[in-house]
Amino acid sequence: MTDLFAARSQMAMSLAFHIIFSVIGIGLPLLMVIAEWRWLRTGDAVYLELAKRWAKGAAILFAVGAVSGTVLSFELGLLWPNFMRFAGPIMGMPFSLEGFAFFTEAIFLGLYLYGWDRVSRGAHLFAGIIVALSGVLSGIFVVIANAWMNAPTGFTMVDNTAVDVRPFAAMANSAAFSQTLHMTLAAYAATGLGVAGIHAIMILRGNTTTFHRYGLAVALVVGAPAAILQPLSGDISARYVAREQPVKLAALEAHFTTQRGAPLHIGGWPDVERRETRGAIKVPYGLSLLAFHDPDAEVSGLSEFPRDTWPPVAIVHVAFQIMVALGGCMALVSVWALWRWWRARDTTGITDHPALLRALALATPMGFIAIEAGWTVTEVGRQPWIVYGILRTADAVTPMPGLVVPFLVFSLLYLLLGAIVVYMLRQQIARAPADDVRPGDSR
Amino acid sequence: MIAFLQGLTAAEWTAWVVVVALNAYMLFAGADFGGGVWDLFASGPRRREQRELISHAIGPIWEANHVWLIVVVVVLFVCFPPAFAAFGTVLHIPLSLMLIGIVLRGSAFVFRAYSYGPRTEQRRWGQVFAISSLVTPVVLGMCVGAVASGRVGDALAAIGHAPAAVLPSSASSVALGTPRASFSSLYVVPWLSPFTIAVGAMALALFSFLGATYLTVEAEGDAELQDDFRRRALGSAVSSMVAATIALELGATRGGVMARLAGIGWSLPLLIASGLACVASIVALLQRRYRLARLGAGAWVTLVLWGWVMAQFPLIIPPSLTIDAAAAPTRVLTDTLAVLAVGGVILIPSLWYLIKVFKTEN
């Protein structure tokens, strides 16, 4: 394992681990705030119970997210000092803003978790709203920094030095809108459907308390619209990549030869040596239509670009297929659930439908897997660049040798931590009320 | 003093913001680390009460306290990227160890708080929390000692470095290949020496002292519990003084930054003031005037930090990298300072509210 590959692996592993927690940290506070608001509106104690349960989950996940995020902020310097020396000043503004969002989140999460009996109901709900807002803002800021790596702007290169650095112009880079939209929707879709799935599983096991029905309903209110909107946001992202990073588009579609009316490859394995994709279902004109909304549009193939600027084609293509397939399933399940809910004017439309419940249960992990796959597409797809078109990843890595050691140590640490978090959350879920919290309720 | 302040560059102002954030991290999170240490060494008939008090005191605020470190790191890599890159490279090993400590500590704390498992399981999380609270400040102190000793700067000279915003492939001074010096001389020797160990021990003792002193106030209403932490505070105050003396002695003999501590006008008065604050907090503890002791403890730690900073001013990495030379373009500094000022308007009232809600009852 080369040092560069070890550094990339450690970064990838740290991001893959952290992102699960940040995504839930964005979505779960919204669920708990909605539940608390329903409790204040209706006086129904089941909603309060839900808010408290979700808050406990949020506390555990936030803590692990905070420390794994700290690791990432240090790893930028531990693994990529040469990148940070160049890019830190230019792309640092969103990180500064994220620092504040994160600070606000930590302060109000403390108030929310420990303040049930110490502040007024209104102040408590307000604290929850701030947590939910600052969580989504944190995510947006961090993704803007990543978008800059795809679309570096806000400076002028003179003799290999960035001059006339404009931090806010760097934030307003062209990739920022499509990436933040896609990621924010992904966070709500993954968390919403993830939580809905857990409640669906409990209902399938015969635990049909109002607790689980309310939980399912609130989670769907957040997750389903996001999942349904996500393909549209994906279209915006794909067209952006087609326009600005054609080599990435060619890799994710496993498209080797430039042509008009390019077909879309579904599945298949790209053979980089022979420059062809085998075993894929070809949809005529599909790629031109999707990438440019025009069946005759010309789509550049990988052969158009120097070989040393190709990302690893197979990984990017497969990850992209996984993301799209899972996103599609999530959107379909969401449409189905909302349709049944609307038809019955009541969540019984969902809870009395075992096939739909099973589909929801199946969708539980889909959003998270899709997010991992999606980040693989955007990060591996940007290779060999760390700053697109400007700085190569190989030139950014630390000169320190032996990087396989920290990679293994942190992998082991995160593996252990991941296992413990799963164990803790199972404990939390297992203790969810088995009987109705509200005796005498007939619904 | 006004002349001194007027002479400061934008970079130096920004560097002071980093120090203020580091100061806040030491005063707030440092005390939380100290709490973890006293969890580890909880003893005597009130062992359980001690642990409960610590957990109660830290619970609502430790996440917010931790964020000061993120502020330090972010402002450092935005405004002083060559320094951040240097720390990340030369101090890779201790910073990684510190991160492992931070990860274990933060996770174990919530795992213990939310565990439904058997008591033995909770106790195990408590041990992980306590042990990592002990190790992390030592490593943090060693990193600070490594910078102050000038050895990070020496290693950097061998590895090569470049100013901010320069592409690495073009900067011939950046050794992207293998540097000629040995692995240990670049990545181990700078942070592993008697001096850095003394500074690490001093950090641990100071954080323990802060933790114990704050806990005497938290324990108001329970005189016995207060006495437990009073003894611990006095013990760690003495340990801090011993460690500080050893660190000063070692630093002076090695010709590092400590030898020049009196060289810059501000350092000596700060050193004397820190000694006075130390004596004042010990006297206040002896007289059981706990709130005064807490004030003195905070002042002591603050003055020690500023004493170090002023001793190496205007260098960011001794022996030669100045704050100005390591700074990002001025526009970045002014924009960041503006954002920090605006952010502070939201942040400081929020922090004040948090502390008011959870700390006024005592």
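Residues numbered from 1 in each chain as written. Chains lettered and ligands numbered in written order. Predicted model: local features only at pLDDT ≥ 70, side-chain atom pairs only at ≥ 80, totals over all residues.

### Some details on the overall build of chain B
A tally of regular secondary structure across chain B gives 14 helices and two strands. Computed over the C-alpha atoms, the radius of gyration of chain B is 21 Å, within 12% of the 21 Å expected from 2.2 N^0.38 for a compact globule of 362 residues. Each principal axis of the C-alpha atoms in chain B carries an extent, and together these give about 65 × 50 × 45 Å. Sorting the 362 residues of chain B into buried and exposed places 56% on the buried side. (Helix = DSSP H or I, 4+ residues; strand = E, 2+ residues; numbered from the N terminus. Rg over C-alpha atoms; globule rule 2.2 N^0.38 Å. Buried ≥ 20, exposed ≤ 12 C-beta atoms within 10 Å, placed from the backbone.)

### Side note on the overall build of chain A
The secondary structure content of chain A amounts to 15 helices and 10 strands. For a compact globule of 443 residues, the expected C-alpha radius of gyration is about 22 Å, and chain A comes in at 23 Å, within 12% of that figure. The proportion of buried residues among the 443 residues of chain A is 56%.

### Details of the interface of chain A and chain B
Counting from both sides, the interface comprises 63 residues of chain A and, opposite them, 66 residues of chain B. Of all the elements, helix α3 (residues 81-114) of chain A adds the most residues to the side of chain A that touches chain B, at 24 residues. When grouped by side-chain class, the residues that make up the side of chain A that touches chain B number 41 nonpolar, 16 polar and six charged. (Contact = placed C-beta atoms within 7 Å. Nonpolar A, V, L, I, M, F, W, Y, C, P; charged D, E, K, R; others polar.)

### Points about the nonpolar core
Ranked by internal contacts, the top residues of the largest apolar core, which has 289 residues, are Leu-31 and Ala-35 of chain A together with Val-72, Leu-76, Ala-83, Cys-143 and Met-202 of chain B. Beyond its immediate sequence surroundings of up to four residues, Leu-76 of chain B is in contact with Val-18, Ala-83 and Phe-84 of chain B. (Core = buried A, V, L, I, M, F, W, Y, C linked by C-beta atoms within 7 Å.)

### Quick notes on the confidence of the model for chain A
Chain-level pLDDT for chain A is 92 on average; 97% of the residues reach the 70-or-more range. Contacts of residues 435-443 of chain A to residues separated by more than four positions or lying in other chains number 13 contacts, the stretch itself having pLDDT below 50. (pLDDT = per-residue confidence, 0-100.)

### Here's the deal with the packing of helix α7 (residues 119-148) of chain B against helix α10 (residues 194-218) of chain B
When two helices pack together, their arrangement is given by the angle between the helix axes and by the axis-to-axis distance. Residue and element names in this part refer to chain B. Relative to each other, α7 and α10 sit at 135°, their axes nearing to 7 Å. On the basis of the axis angle, α7 is oblique to α10. Of the two elements, α7 crosses α10, and the hand of that crossing is right-handed. In this structure, α7 contributes Leu-134, Pro-137, Val-138, Val-139, Leu-140, Gly-141, Met-142, Val-144, Gly-145 and Ala-146 to the contact, and α10 contributes Phe-195, Thr-196, Ile-197, Val-199, Gly-200, Ala-201, Met-202, Ala-203, Leu-204 and Phe-207. (Axes fitted to C-alpha atoms, helices over the stretch in contact; angles between N-to-C directions. Parallel < 35°, antiparallel > 145°, perpendicular 65-115°, else oblique. Left-handed = near helix turned anticlockwise from the far one by under 90°.)

### Some remarks on helix α15 (residues 404-430) of chain A
In this model, α15 of chain A (27 residues) spans 39 Å end to end at C-alpha, consistent with the 39 Å of a helix rising 1.5 Å per residue. Turning to α15 of chain A, its buried residues number three or more, namely Pro-406, Phe-407, Phe-410, Val-421 and Met-424 of chain A. Buried positions along α15 of chain A lie against α1 (3-42) and α2 (45-79) of chain A together with α6 (92-114) of chain B. (Expected span 1.5 Å × (residues − 1).)

### Remarks on the confidence of the model for chain B
All names here are of chain B. Chain-level pLDDT for chain B is 87 on average; 93% of the residues reach the 70-or-more range. When mean pLDDT is taken per element in chain B, α10 scores highest with 94 and helix α1 (residues 2-6) scores lowest with 78. Here residues 170-177 is a poorly scored stretch, pLDDT under 50, and it has 17 contacts once near neighbours within four places are set aside; other chains count. Predicted complex metrics record ipTM = 0.91 and pTM = 0.92.

### A look at helix α8 (residues 151-159) of chain B
For α8 of chain B, the complete set of buried residues consists of Arg-151, Val-152, Gly-153, Ala-155, Leu-156 and Ile-159 of chain B. Looking at the packing, one finds that the buried side of α8 of chain B touches α5 (81-90), α7, α9 (183-187), β1 (315-317) and β2 (321-322) of chain B.

### Some thoughts on unusual backbone geometry
All names here are of chain A. For the bond from Gln-383 to Pro-384, the omega torsion is 5°, close enough to zero to count as cis. Within the chain, Asn-160 stands out as a residue other than glycine whose phi angle is a positive 60°. Inspection of the secondary structure puts Asn-160 in the loop between β1 (156-158) and β2 (161-163). According to the C-beta neighbour criterion, Asn-160 is partly exposed, with 15 such atoms within 10 Å. The backbone of Ala-254 sits at a positive phi, close to 50°, despite the residue not being glycine. Mapped onto the elements of the fold, Ala-254 is located in the loop between α8 (246-252) and β3 (259-260).

### Side note on the environment of Val-46 of chain A
Summarising the element assignment, Val-46 of chain A is placed in helix α2. Expressed as a C-alpha distance, the spacing of Val-46 of chain A and Glu-36 of chain A, which sit 10 residues apart in the sequence, is 9.7 Å.

### Digging into the environment of His-182 of chain A
Residue and element names in this part refer to chain A. Residue position: His-182 is located in helix α6 (residues 176-204). Looking at His-182, the number of C-beta atoms within 10 Å reads 23, which means it is buried. The spacing of His-182 and Gln-427 is 245 residues in sequence and 32 Å in space, taken between C-alpha atoms. If near-sequence neighbours (up to four positions away) are discounted, His-182 is found in contact with Ser-233, Gly-234 and Ser-237.

### As for the environment of Arg-121 of chain A
One can find Arg-121 of chain A in helix α4 (residues 121-150). Taking the C-alpha atoms as reference points, Arg-121 of chain A and Glu-36 of chain A, 85 residues apart in sequence, are found 9.4 Å from one another.

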